[in-house]
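Chain by chain, the residues:
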Amino acid sequence: MADRARGTASARTGKSDAWRERVTEAAPLALFCSVMGVLSVGAGALAGLLVPGGDVRALVWLVVTVLGAAGAGLWWGLTPVTERLRVLNRALGEARPRRPHHR
């Protein structure tokens, strides 16, 4: 019954189950890229504040932002999936809400 309801819902919206699987698989990468982008820009802004002068400040901001984003991208691309998941699960373990145990 649930499969039929799911099939009917995907037929109405025009989206297949394969599309949903691709979106679900891409969600960790999108979240990682968004968070690391924000952190890279923040680190670049802080580094830029330490440098006096307008043109040099902008250059420092740009370089630190690009290096932070490139480092995060290389880490994601070169780290094996199992190690990457272990590191991310450890980092996000405290942020997840606790689920009640069912008896």
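A. Fine view of the overall build of the protein chain. A count of helices and strands for the protein chain gives four helices and zero strands. Going from N to C terminus, the protein chain has its helices and strands arranged as α-α-α-α. Counting only residues that meet the buried cut, the protein chain has 12% of its 103 residues in that class. Contacts in the protein chain between residues far apart in sequence, at least 24 positions, make up 33% of those at least 6 positions apart. For the protein chain, the accessible area works out to roughly 8,500 Å², and carbon and sulfur atoms hold 67% of it.

B. The arrangement of the packing of aromatic side chains in detail. Inspection of every chain in the model, using the stated rule, returns two aromatic pairs. Measuring from centroid to centroid gives 5.4 Å for F32 and W75, while their planes differ by 35°, and the two rings are tilted. Here F32 is found in helix α2 (residues 17-49), whereas its partner W75 is found in helix α3 (residues 54-78), with 43 residues between them in sequence. Take W75: its relative accessible area is 29%, and that puts it in the partly exposed class. Taken together through their ring pairs, the aromatic side chains of F32, W75 and W76 make up a single cluster.

C. A look at the side chain of S40. Tracing the backbone shows S40 in helix α2. Setting aside anything within four residues of it in sequence, one finds S40 in contact with T65, G68 and A69.

D. Local environment of the environment of A69. Within the fold, A69 resides in helix α3. We classify A69 as partly exposed; its relative accessible area is 40%.

E. Structural view of α3. Counted at 1.5 Å a residue, the expected span for α3 with its 25 residues is 36 Å, and the 36 Å between its end C-alpha atoms agrees. For α3, the full list of buried residues reads T65, A72 and W76.

Calculation rules
- Residues numbered from 1 in each chain as written.
- Predicted model: local features only at pLDDT ≥ 70, side-chain atom pairs only at ≥ 80, totals over all residues.
- Heavy atoms only, no water.
- Helix = DSSP H or I, 4+ residues; strand = E, 2+ residues; numbered from the N terminus.
- Buried < 20%, exposed > 50% of the residue type's maximum accessible area, 1.4 Å probe, protein only.
- Contact = heavy atoms within 4.5 Å.
- Areas by Shrake-Rupley, 256 points an atom, 1.4 Å probe, with all protein chains shown as cover.
- Phe/Tyr/Trp six-rings, centres within 6.5 Å; stacked < 30°, edge-to-face > 60°.
- Expected span 1.5 Å × (residues − 1).

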